[in-house]
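Here is how the chains run, residue by residue.
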Amino acid sequence: MIELTDIHKAFNEGQPNEYWALRGIDLNIAAGQVTALSGPSGSGKTTLLTLLGCLSRPTRGRVRLKAQDVSGLPERFLTDIRRQTFGFVFQQFNLIRGLSALDNVMLPAYPLGLPHRELRDKAEAQLAALDLGHRRDARVEWLSGGEQQRVAIARALINSPEVVIADEPTANLDTALSKQFMTILERLLDEGRTVLLTSHDPLVVESAVVATVVRLRDGKLVEAQMLFQPAIIALLLASLLSAWRCLPPQPLSPRN
Ligand SMILES: Nc1ncnc2c1ncn2[C@@H]1O[C@H](COP(=O)(O)OP(=O)(O)OP(=O)(O)O)[C@@H](O)[C@H]1O
Ligand SMILES: [Mg+2]
């Protein structure tokens, strides 16, 4: 779904403080899966995530989204692509203080020009699906960390994005809330969405819901590991078994 070819990203290019955060990344992101970017602090996870989500452009290399080269597109086209394709959950949630949970969720949908009533209903439905219906009118700064995170997720989902992008989604959550986040991930997968996230958290990276872990170090790919999930193993075993049952009986070979 998203294809990166030889991606390099420099900050402050040409300046004395020039820094190459990504140094030659080739990566294919499959649709309908959870892909986790993992690696030490400073290894380039957030930088890579912003490129995948068309929030920034590579210094060199090519980004293709559904076979369309988006690396060189002007900003106004990228803005449209972002709005139509991606929903973002940032590490600090980036909610607007002083506004209610409901207003925060509605914000990214305003540019689409839906009738206000329809938009409100959609936002209420998103909050209710995340068990936050009763807190919809509360200002976001009054909410707990886990509640704020769910508002951020509801906001990311308001335009029904194909791809949900989350930077360290469980970094500010305790274990119970992190587990709740994993349940939300399962729901997103059931809805057919693609999820890209960064995480240091073993609870996330080693979870069965994550299909691929991409490991980074010093701006380079260490490995992209396909995890064998229980469902895939069961499928493989079942097909092996049925192939074995269909084999014709072997004639006994005469002994010499
Ligand atoms: N805007 C910027 N200007 C200059 N350097 C930057 C900028 N953004 C990131 N960097 C540098 O690029 C490198 C990669 O940063 P990035 O934020 O992608 O790391 P990360 O893997 O997400 O780390 P963490 O786990 O701490 O979030 C870091 O060394 C960082 O200092
Ligand atoms: Mg980061």
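These remarks concern the structure in this document. (Residues numbered from 1 in each chain as written. Chains lettered and ligands numbered in written order. Predicted model: local features only at pLDDT ≥ 70, side-chain atom pairs only at ≥ 80, totals over all residues.)

Let's talk about the overall build of the protein chain
Looking only at helices and strands, the protein chain has eight helices and 10 strands in total. In the protein chain, 67% of the contacts between residues at least 6 apart in sequence involve partners at least 24 apart. (Helix = DSSP H or I, 4+ residues; strand = E, 2+ residues; numbered from the N terminus. Contact = placed C-beta atoms within 7 Å.)

Re the site of ligand 1
Within the structure, ligand 1 sits among Phe11, Asn12, Tyr19, Ala21, Gly39, Ser41, Gly42, Ser43, Gly44, Lys45, Thr46 and Thr47. Among the elements that take part in the shell around ligand 1, helix H1 (residues 45-52) stands out by supplying three residues, more than any other. Its residues assigned to classes, the shell around ligand 1 comprises three nonpolar, eight polar and one charged. (Near = placed C-beta within 6 Å. Nonpolar A, V, L, I, M, F, W, Y, C, P; charged D, E, K, R; others polar.)

Brief notes about the pairing of strand E1 (residues 2-11)
The two faces of the sheet receive side chains in turn, since in a regular strand these alternate between them. When E1 meets strand E2 (residues 19-29), the two strands line up antiparallel, connected through eight bridges. By the bridge assignment for E2, His8 is matched with Arg23. Alignment of E1 against strand E4 (residues 60-65), held across five bridges, turns out to be antiparallel. Bridging across to E4, Ile2 finds its partner in Leu65. (Pairing = 2+ DSSP bridges.)

Considering the nonpolar core
Soluble globular proteins tend to bury their nonpolar side chains together. Residues Val105, Val151, Ala154 and Ile165 are the most contacted members of the largest nonpolar core, which totals 55 residues. When residues of this core are assigned to their parent elements, the largest contribution, six residues, is made by helix H5 (residues 145-157). If we ignore the near neighbours within four places in the chain, the residues touching Ala154 are Val105, Gln126, Leu127, Leu130 and Leu132. (Core = buried A, V, L, I, M, F, W, Y, C linked by C-beta atoms within 7 Å. Buried ≥ 20, exposed ≤ 12 C-beta atoms within 10 Å, placed from the backbone.)

Side note on the sheet that holds strand E5 (residues 68-69)
Taken together, the four strands give an open sheet; going across it, the order is E2-E1-E4-E5, and neighbouring strands pair in antiparallel fashion. With one partner strand each, in any of the chains shown, E2 and E5 form the two edges of the open sheet. Packed on one face of the sheet, H1 meets E1, E2 and E4 and runs near 55 degrees to E2. (Axes fitted to C-alpha atoms, helices over the stretch in contact; angles between N-to-C directions.)

As for the pairing of strand E6 (residues 86-89)
Here E6 shows two buried faces, one formed by Phe86 and Phe88 and the other by Gly87 and Val89. Alignment of E6 against strand E7 (residues 163-167), held across four bridges, turns out to be parallel. Of the residues in E7, the one forming a bridge with Gly87 is Val164.

As far as function goes, none of this settles anything; it's purely spatial.
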